[in-house]
Structures are given as structure tokens and as C-alpha cells.
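Notes for the structure review
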Amino acid sequence: MRIRGLLGAFGGRAFISRVPIFSRSISTLVLAEHEGGAVKASSLCALEAAKLLGEGNSVSLLLSGSGPSLQEAAAHAASCSRSISRVLVADWDKFSYPLAEAWAKLVQIVQQKGNYSHIVAASGSFGKNILPRAAALLDVSPITDVIGIRGSNLFVRPIYAGNALSTVRYLGSDPCMLTIRSTSFPLESDSASHGSVDVAVDTVDVSTISEDESLKKSKYISISSQDKERPDLGNSRVVVTGGRGLKSAENFKLIESLAEKLGAAVGATRAAVDAGFVPNELQVGQTGKIVAPELYMAFGVSGAIQHVAGMRDSKVIVAVNKDSDAPIFQIADYGIADDLFKIIPELLEKLPEKK
Amino acid sequence: MKIMVAIKRVVDYAVKIRVKTDKSGVETSNVKMSMNPFCEIALEEALRIKESGRASEVVAVSIGPAQCVDTLRTGLAMGADRGIHIDYTGALYPLSIAKILKALVRLEKPQLLLLGKQAIDDDCNQTGQMVAGLLEWPQGTFASKVVLEENTVTVDREVDGGLETLCLDLPAVITTDLRLNQPRYATLPNIMKAKSKPIKKLTPADLEVEIRSDLEVVEVTEPPKRKAGVMLSSVDELIDKLKNEARVL
């Protein structure tokens, strides 16, 4: 980055960041994930967020992986939205599992070639793992977990487990790098409509990365597979969560039955995961998954600050807890201070069948 | 082998924070401060590795104003061998912290750098990833299990899809998640012993790190308040409300 060095001699970064916004063209690189030959919903939310960065934003989507599923995903990306003008595909067998070290290098070379003003990823475990590392390689401060975009360099993000909101202005040079909370940038109803005809699909030259010795230092071994039959917790319209009050993994079956009845995803509190009732990927909270469903039902959940952080944006919150003083009732729209072991069977009996 | 652990002093997790009326930030004066819970877990893991005989020294590092020394003393009381305080009183963002940690790593040459995955005040979840990038070391973030081998470390990570296992060559950066371990309490004898353990003080300038602020906090506000809810007395009432009032069923 020799240009920076030169400008450094003239007083540093201030020179670049004083360029007025209206004369600066915006172009965004969206770091996308794909699965089963299609771009993941959370990455499409990142695209929604990118649209808010400014007028005339030219958006490119970056996909990596290998083989036919990557090509299928690229085709899906090229046709899934009017907002995408270019799809970049990095095909290399080491990319078949997204490791941060390789991805960060990939972002660095794509940025050096494309000079984007913004780089955006969804703040799931992929974006959280990769984007900050890429930002360090590009020597910029990223802004993570953005829930509001007020312009090309003004962002809102939650702090203190969402008990406060911080509005932050980015003063640095390009690229401005963000991860966004998918629940804050839901897909528009017409997003499923088709993209423009002329979306270029370009191959990224990965030869410099594939020769990089430092990338041999991390190896993917395995992943425990998730139960794919239930709706995905991050996207589900209804979530049924169980907490410590369920008392055992066996009892958690009640939550699962209720979720089944409602066509809902199953969530859990940290206490329930720590106690071994359910696996970690069901944890909702400050450091687990953030969800914002239409309906969130919490059974045997006390409502600790850290759990509330993960579900406070739900449209309707229902809580059932024997303890009428449980903090969850302060955030619930509808509360029942009664024994969940009595309430859940009654709900199972009386709820209409899922259509 | 030496292990370095970065620890942060934050508002205690149980405190109900208040936003200042002038919207400049969150009220932190006269509020209980503690070691960030994830940093405690990182330090605990380092201590367990040392106790298993795989490491000879655990160095705790904290960056910020003078009060960081209190947090370092707690770390020493838990069992760290020595502390380093990087003294700085201005705003510090993860990029600057990462640069300072990189300089310290070059100085101290640990084989493992452990950090908490995020601080519970800013909830950034960036520093570990950034310092790993600057060092060009492999990273194992959101670790729920760490197993050291001869020259590698196997890390189980808590990710959206479940539990992912990676194998990293040493030296490496690991950020810790909740379920990695249960941190110990500092015992009274150890608190006394900690008083004589050394804490070295340095500044970013000593490390030739320039603190640059490319972020500016414009305002800090409260989140939108939810409308007050109602307590119901029966399942029938609940189903009725959900169907006809909330219209979510």
C-alpha cells in the first residue's frame, strides 16, 4: 500500500477521510456463504444491508468453495437479486471448508483488486470469524454486529448485551468493513424476484493464496451435524425456548413437541446447554444466537440479561414460569405464572394443528 | 512453553447499566468492575495447561488506565506468573489492542495467545481474530475445548451449525467461549502471594505502536422500550390473545 505511505508523509489518513461523501462512489463487496447450491439467507440479509449504504452502490458478491455446489451457488447468486452487479467466485479445494486464514487472505486480494468502499458480511459465526481478521490485514477498524445503517459511514450497534445502542461514525479510509445482524435487515418480499440479466460471474485468481505457506497451519477436521428437520433457529417465524426449569434433557422433549406442533425452531438458554439438556447451537443469547421471530415462547426461563439480549427484538414474547417475579415477565407481552409441566401439555392439547 | 493471556477490565456482568443522560456513554463511575468473564475463562485454560506440565509460564496482559492493575492482580491471584500493564487512558479499539498485543508477542514470544472471545461491554468479538491476522498465526475462535498436542492444538469451536473441530499449528491464537471451563476463584493465600508477583508497566509508545482512532462514538442511547405486557391466567386466554390480538397464530 505505497500510496498510503506517501500520504503518510503529508499528514496521514486524514487526507483520505476528508474526501466529502457525496463525491465518493460507493461499491460494496458482500462476503457470502452458500449451502446446498444456494446463497444462504443470512448473506442475502447482508445484501439488504448493503443497499442502505447509499445511492448508486455497485454490489459484488464473493463466494468461495470448490466443485459443482459452488458453481450452482454462483448461478443462484447471479439470478437472485436485482442489487447484485457482479459475482466473484474463488474455487480452490482448501476453500471447501471456510477457514478464516484463507478467507481473510482472499478478501485482502479481492479488495486490493476491486478497491471497494465497503465490505459487508452477516454476523454469524462465518462473518464474526473472518471479517475482523481480514480487517486487520487491510489495517482498518471494522464495525461488528450492526443493527442500523444511517448512511455510508454512520452505524448503530448494540453494546452491553443490547442494553445500550452505540451510534458510531467511521472516519477511516476505505474499505469500511461491517458485519450486520441478519435479524435487523430482513429480506424484502421482492428479494426472491429475479436479478438483472447482465450479472457478470468472474473467477478470482487464487494462485497467490494457494501458494501461501502460512495457510497450511490450520486444518478443518470435522463438524457435528445439526438436526436439519427442524426449522433453522436463525430464520424461524416461531421459536420455542426451554430454560433451566425443564430440569432434564428428557423433559426437553416437551419443548420439542410444542415446537413440532407450531412448526417452530427450538431454542435454549445457556443454563439448559450447560446442563447438557441440548447442544450448543440452540443457545439464544448475548453470545449465542440472536433471534427475532414473530413469536418467541419461553418456558422455564428466568430472563437473565444475557438471554434477553438474544431475543428482545422478537415481535411477540410469551413467558411461562412458576416464579411470578422472574425478570422474563418484564419483557414478555403475555405471561403466565404457572408450572410449565402443566401449561405445555395443555397447550399441546388445545393448539390448532399446524397447517 | 510460554502462554500469554490478554485480560480486560469491564463492568461486572450482573450490573444493570445506565445510559448517561447526555448520551455520551454508559455510566461506569461507582459501578462494580470485574475481569471480563471470557477473559477469566482464557486465563483459567492457560493455568490448566501450565498445571498439566505443558507450559512453564503464564503471562497476563491488560491494556488501559491504571485500574487495569487491579484486574492483573486478580489474574496473578488466580495463578498467572507475572503481569504486563500497557498504560493508556484514551479510547482503545480492537485494531489498536491487536497491534499492541502483536508487539508484545514479538517481545515475549509465547507459543499460545489466549483471549476471551468478546468483551461484555462493547461486545465486539474482534480482537483475537485481528491479532491472529497481524501475526499471521492460525486462529481457533469461540473455543469450547482445547487439546494441546506436540506442535499443534486441536480446538472445538461453537459455531452456528454445531461444533467444529480444527487442528492448528503452534504458535496459535485461541479465543474462548463460555463452555470451555469454569474459572477458579482466587484463594486467600494466592491473593497474598500475588502481591509480590511482578507487573511490568509499558506504554504503547514503548512498543512503537501508534494509537489511531478511525471510529468516533456519536451517541449512546437506550434501546426502544417494549410496551408493557400482561399476565394471563389460563392457556385458553393465551391462545385467544395470540390468535386474535397479536395475530401470530
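Refer to the structure printed above.
Here's what I pulled together on the structure shown here. By convention here, each chain's residues receive numbers from 1 onward along its written sequence. To label them, take the chains in the order written and letter them from A, then take the ligands in the order written and number them from 1. For a predicted model such as this one, the threshold for reporting local features is a pLDDT of at least 70, and the threshold for listing and counting side-chain atom pairs is 80 or more; totals across whole chains, interfaces and linings nevertheless cover every residue. Here the side-chain values reflect all heavy atoms present in the structure, with hydrogen atoms and water set aside.

**A short note on the sheet that holds strand β9 (residues 154-159) of chain A**
A pair of strands is labelled paired if DSSP reports no fewer than 2 bridges between them. Strands are runs of DSSP state E lasting at least 2 residues, helices are runs of H or I lasting at least 4, and numbering of each runs from the N terminus. Read across the sheet, 4 strands follow the order β8(A)-β9(A)-β10(A)-β12(B) without closing on themselves; strand pairing throughout is antiparallel. Looking at strand neighbours, the two that pair on one side only are β8 (148-149) of chain A together with β12 (215-221) of chain B, the edges of this open sheet.

**Considerations on the interface of chain A and chain B**
Accessible area lost upon the coming together of the parts is a frequently used measure of interface size. Should any heavy atoms of two residues lie within 4.5 Å, those residues are considered in contact. Contact with chain A, which involves 87 residues of that partner, is made by 79 residues of chain B. Buried area is calculated as the accessible area (1.4 Å probe) missing from two parts once they are joined, with the contributions of both summed. When chain A packs against chain B, close to 6,900 Å² is buried across both sides, 54% of that on carbon and sulfur atoms. Ranking the residues of chain A by area buried against chain B places Y160, K217 and Y334 of chain A at the top, with a combined share of 11%. A carboxyl oxygen of Asp or Glu within 4 Å of a side-chain nitrogen of Lys or Arg is what we treat as a salt bridge. Remark: the boundary between chain A and chain B carries 7 salt bridges. A salt bridge links D236 of chain B to K350 of chain A; the shortest N-O distance between them is 3.1 Å.

**What about the pairing of strand β17 (residues 316-320) of chain A?**
Working note: regular strand, side chains alternate between the two faces of the sheet. Residue and element names in this part refer to chain A. The buried fraction of β17 amounts to 5 of the 5 residues, a majority that puts the element mostly inside the structure. Where burial is concerned, the two faces of β17 agree: the one with V316, V318 and V320 and the one with I317 and A319 are both buried. Bridge count between strand β16 (residues 295-299) and β17: 5 bridges; the pairing is parallel. Note on β17: the bridge partner recorded for A298 is A319. Alignment of β17 against strand β18 (residues 334-336), held across 3 bridges, turns out to be parallel. Pairing of A319 across the sheet is with G335, part of β18. Exposure categories follow from relative accessible area, calculated using a 1.4 Å probe and restricted to protein chains: below 20% of the type maximum is buried, above 50% is exposed, and the middle band is partly exposed.

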